[in-house]
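Notes for the structure review
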Amino acid sequence: MEELDCEPAITWIPGVNSKKKQMCFDWGPGEMLLCETSFSKKVDTSEKVPSCPFIYIVRKDVDVYSQILRKLFNESHGIFIGLQRIEEELTGKSRKAQLVRVSKNYRSVIRACMEEMHQVAIAAKDPASGRQFSSQVSILSAMELIWNLCEILFIEVAPAGPLLLHLLDWVRLHVCEVDSLSADVLGSENPSKHESFWNLVTVLVLQGRLDEARQMLSKEADANPSCASMCRILGDLMRTMPILSPGNTQTLTELELKWQHWREECERHLQDSTFAASPRLEALCKIMLGDEATLLEHKELLSNWYHFLVTRLLYSNPTVKPIDLHFYAQSSLDMFLGGESSPEPLDNILMAAFEFDIHQVIKECSIALSNWWFVAHLTDLLDHCRLLQSHNLYFGSNMREFLLLEYASGLFAHHSLWQLGVDYFDYCPELGRVSLELHIERIPLNTEQKALKVLRICEQRQMTEQVRSICKILAMKAVRNNRLGSALSWSIRAKDAAFATLVSDRFLRDYCERGCFSDLDLIDNLGPAMMLSDRLTFLGKYREFHRLYGEKRFADAASLLLSLMTSQIAPRSFWMTLLTDALPLLEQKQVIFSSEQTYELMRCLEDLASGRPGCGELDAQRLQDDDIETTKVEMLRLALARNLARAIIREGSLEGS
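Rules and cut-offs
Residues numbered from 1 in each chain as written. Predicted model: local features only at pLDDT ≥ 70, side-chain atom pairs only at ≥ 80, totals over all residues. Heavy atoms only, no water. Helix = DSSP H or I, 4+ residues; strand = E, 2+ residues; numbered from the N terminus. Buried < 20%, exposed > 50% of the residue type's maximum accessible area, 1.4 Å probe, protein only. Contact = heavy atoms within 4.5 Å. Areas by Shrake-Rupley, 256 points an atom, 1.4 Å probe, with all protein chains shown as cover. Salt bridge = Lys/Arg side-chain N within 4 Å of Asp/Glu carboxyl O. Core = buried A, V, L, I, M, F, W, Y, C linked by side-chain atoms within 4.5 Å. pLDDT = per-residue confidence, 0-100. Axes fitted to C-alpha atoms, helices over the stretch in contact; angles between N-to-C directions. Parallel < 35°, antiparallel > 145°, perpendicular 65-115°, else oblique. Left-handed = near helix turned anticlockwise from the far one by under 90°. Nonpolar A, V, L, I, M, F, W, Y, C, P; charged D, E, K, R; others polar. Phe/Tyr/Trp six-rings, centres within 6.5 Å; stacked < 30°, edge-to-face > 60°. Lys NZ or Arg CZ within 6 Å of the ring centre and 35° of its normal. Polar contact = N/O pair within 3.5 Å; in protein donor to acceptor, adjacent residues only side chain to side chain.

The next subject is the overall build of the protein. Counting its secondary structure elements, the protein contains 31 helices and three strands. Within the span of the protein, comprising 657 residues, buried residues form 46% of the whole. In the protein, the share of contacts with a sequence separation of at least 24, taken over all contacts with a separation of at least 6, comes to 64%. Accessible surface computed for the protein: about 34,100 Å², of which carbon and sulfur atoms make up 52%.

This part covers unusual backbone geometry. The backbone of Val157 shows a phi angle near 50 degrees, a positive value even though the residue is not glycine. By the element assignment, Val157 lies in the loop between helix H3 (127–156) and helix H4 (162–174). Even without being a glycine, Phe356 presents a positive backbone phi close to 60 degrees. As for its position among the elements, Phe356 is in the loop between helix H15 (345–354) and helix H16 (358–368). Residue Phe356 is classed as partly exposed on the basis of its relative accessible area, which comes to 34%.

It is worth spelling out the pattern of salt bridges at this point. As enumerated under the stated definition, the model contains 18 salt bridges in all. The salt bridge partner of Arg553 is Asp556, with a shortest N-O separation of 3.3 Å. For Asp556, a relative accessible area of 39% gives the class partly exposed. Overlapping salt bridges, with partners in common, bring together Lys104, Arg107, Arg111, Glu144 and Glu151 in one network.

Before going further, it helps to spend a moment on the nonpolar core. If you look at the biggest cluster of nonpolar residues, it comprises 187 residues, and the most contacted ones within it are Trp170, Leu234, Trp305, Phe354, Trp373 and Phe374. Examining the composition of this core, we find that twelve residues originate from one element, H3, more than from any other. Among residues more than four places away in sequence, those in contact with Trp170 are Leu145, Asn148, Leu149, Ile152, Tyr306, Val310, Leu350 and Phe354.

Averaged over all residues, the pLDDT of the protein equals 81, while 81% of them reach at least 70. Predicted confidence for residues 1–5 stays below pLDDT 50, and this span has 14 contacts to residues more than four positions away or in other chains. Low confidence marks residues 612–619, where pLDDT is under 50. Its contacts with residues over four positions away, or in another chain, come to five contacts.

In a pair of packed helices, the angle between the axes and the distance between the axes together describe the arrangement. With their axes 11 Å apart at the nearest point, helix H27 (residues 554–566) and helix H29 (residues 595–610) run at an angle of 40 degrees to one another. Classified by the angle their axes make, H27 and H29 are oblique. Handedness of the crossing formed by H27 with H29: left-handed. Side by side, H27 and H29 meet where Ser559, Leu562, Met565 and Thr566 of the first sit next to Gln597, Glu600, Leu601, Arg603 and Cys604 of the second. Taken together, the residues of the contact of H27 with H29 sort by class into four nonpolar, three polar and two charged.

Between helix H26 (residues 534–550) and helix H28 (residues 575–586), the shortest axis-to-axis distance is 12 Å and the interhelical angle comes to 15 degrees. Viewed along their axes, H26 and H28 adopt a mutual orientation that is roughly parallel. Crossing geometry of H26 relative to H28 is assigned as left-handed. Contact residues: Phe538, Tyr542, Phe545, His546 and Tyr549 in H26; Thr577, Leu578, Asp581, Pro584 and Leu585 in H28.

Now for the packing of aromatic side chains. Remark: the centre distance and the inter-plane angle together describe each pair of aromatic rings, the angle taken between the planes. In this structure the tally under the stated criterion is 18 aromatic pairs. On the basis of an interplanar angle of 70 degrees and a centroid distance of 6.1 Å, the ring pair of Trp305 and Phe354 is categorised as edge-to-face. Placement of the pair is Trp305 in helix H13 (residues 305–316) and Phe354 in helix H15, with a sequence separation of 49 residues. The pair formed by Trp305 and Phe354 is uniform in burial state, with each residue classed as buried. An aromatic cluster is built from Phe73, Phe80, Tyr407, Tyr424 and Tyr427, whose rings are joined through pairwise contacts. The ring of Phe336 has Lys299 sitting right over it, with the charged end atom 5.3 Å from the ring centre.

Moving on, we come to the side chain of Gln207. Among the structural elements, Gln207 can be located in the loop between helix H6 (197–206) and helix H7 (210–223). Look at Gln207 and you get buried, because its relative accessible area is 1%. For Gln207, the side chain forms a polar contact with the main-chain oxygen of Val175, separated by 3.0 Å. Within polar-contact distance, the side chain of Gln207 engages the side chain of Arg209 at 3.3 Å.

Moving on, we get to the environment of Met143. As for its placement among the helices and strands, Met143 is situated in helix H3. In this structure Met143 comes out as buried when scored by relative accessible area, which is 5%. Along the chain, Met143 and Cys365 lie 222 residues apart, while their C-alpha atoms are 8.9 Å from each other. Contact partners of Met143, with chain neighbours within four places excluded, come to Leu369, Trp373 and Phe374.

Put into structure tokens, the structure is as follows:
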């Protein structure tokens, strides 16, 4: 996997002029490439206005935007998670059976997706869309074909004998034109006279469906008495052909002996010219003898080289061993192509599988297929089969993890599939967490619901920095929308003291303008969170002062108000508001502030009015120039003086008594 055997495919970007200076951005976590193009807006040439070139966006994984393929991604995600969770329970024979079942589940998802795509292609009104969907059907079909072969060779690990039965099922499943042909022929008034009758019989023999072929020959015998005897003899040869069935207990040696006798009988009939009067029946007998020349004469009915391979093995070496497969596969490919054309990418992938070169299969699939879904899930399954344990990549991650990371990165480019990508990152022990942290920070938080999902994911994985970052973003959005309660809640959750201070200042400013607090429930229930910043502490305590005042607990309210000013926790700009709040307490019939407390209030008022160091020249100037503020100061001085006199008298009388 370290090097490519061929140059990667070139993607042409419309409007890109390589002779001019270009602006390009490489692939990033968003999985896209931006290029400046030479296209520009069409504007009236009479107007001298600057034009801006278009930016062309090239997406890396376009398949995630396909409605049907998204079902493939969603369904396979559940299978993938299930496989990771049952890994510890898998042992011995049950392990192999379970892994085969998982493989079949993956294939059923591919097939369901392929069938749905096929229906959409048929219903497409636009020819271009129809062609695009048909192309996707071909790709999905190739994916299932490759996966099925890998299942037989690498997961089932079928031995000689059962191996050919699996390969026959593989061919029958993927070369399925015979079923529609059979329905067409049998649906006619006189099947034996149908123009495709002999094609159907030949294909059935080529696929080893000899019982069905015998039934077709019986129809020919009934319709044509002159060849009834030949049809009966050939039918008997088909019936007596020894095949190792799944429930059969005979050994391979017994099977080979029976098959050899059967083959000699076929050759005897051919040498005795039993079928000389019917070239078609004679050709069928030659096929059953594995005659390569006769098989190649029916290239069109075989349709591809791997069908030719399986038919050739069926009639020439039914007990082929897995180790010999690649010799037959290579010679079958060479004979079938005949030097007229070169192998397609699919041919190379299948050949690598027949050679039991797992890494080459994965490599070829990575190059040929348009997304990482196939190679990521197949590699993960093969890794659970313990077939990739020794293959580590030079940059620190094993092949399974590398491919899962690539696939998960592609999912993060989609607005909803990114949630699936999280689980794939979770099961990458080396680089999964780092990759998740990088990608999750770049998810656009369009709605609060989506943000809460992202936040929950981060909190479940103790991703502290990401939690703080998301909370800050949400707090900033809430401030912009003037939702101060929400902003304060997010800043507390982010444990961001600076932002909590900023939001607290906004709360206090709103109070000064409106005379009341918004989001009282939140402020009343800050609890220990108010210790996050001094300003937040002040906000919580100031709200507590109002609550105490409302409950007519004037002494407690007065003590709290004074402590807010003397402890320097209250911002100096808010002192006048606090002193104004003290006025009703100073005017109560009962003496609330003691003489000592009154002196403290007077000192605070004089500090504010005189503009001492630490007070700020702007505040002092404002107090001097503003008549309203001057009036407030005079009222406060008068109220404080009266309260001081009352407090001294009260305290003196208490001492005397």
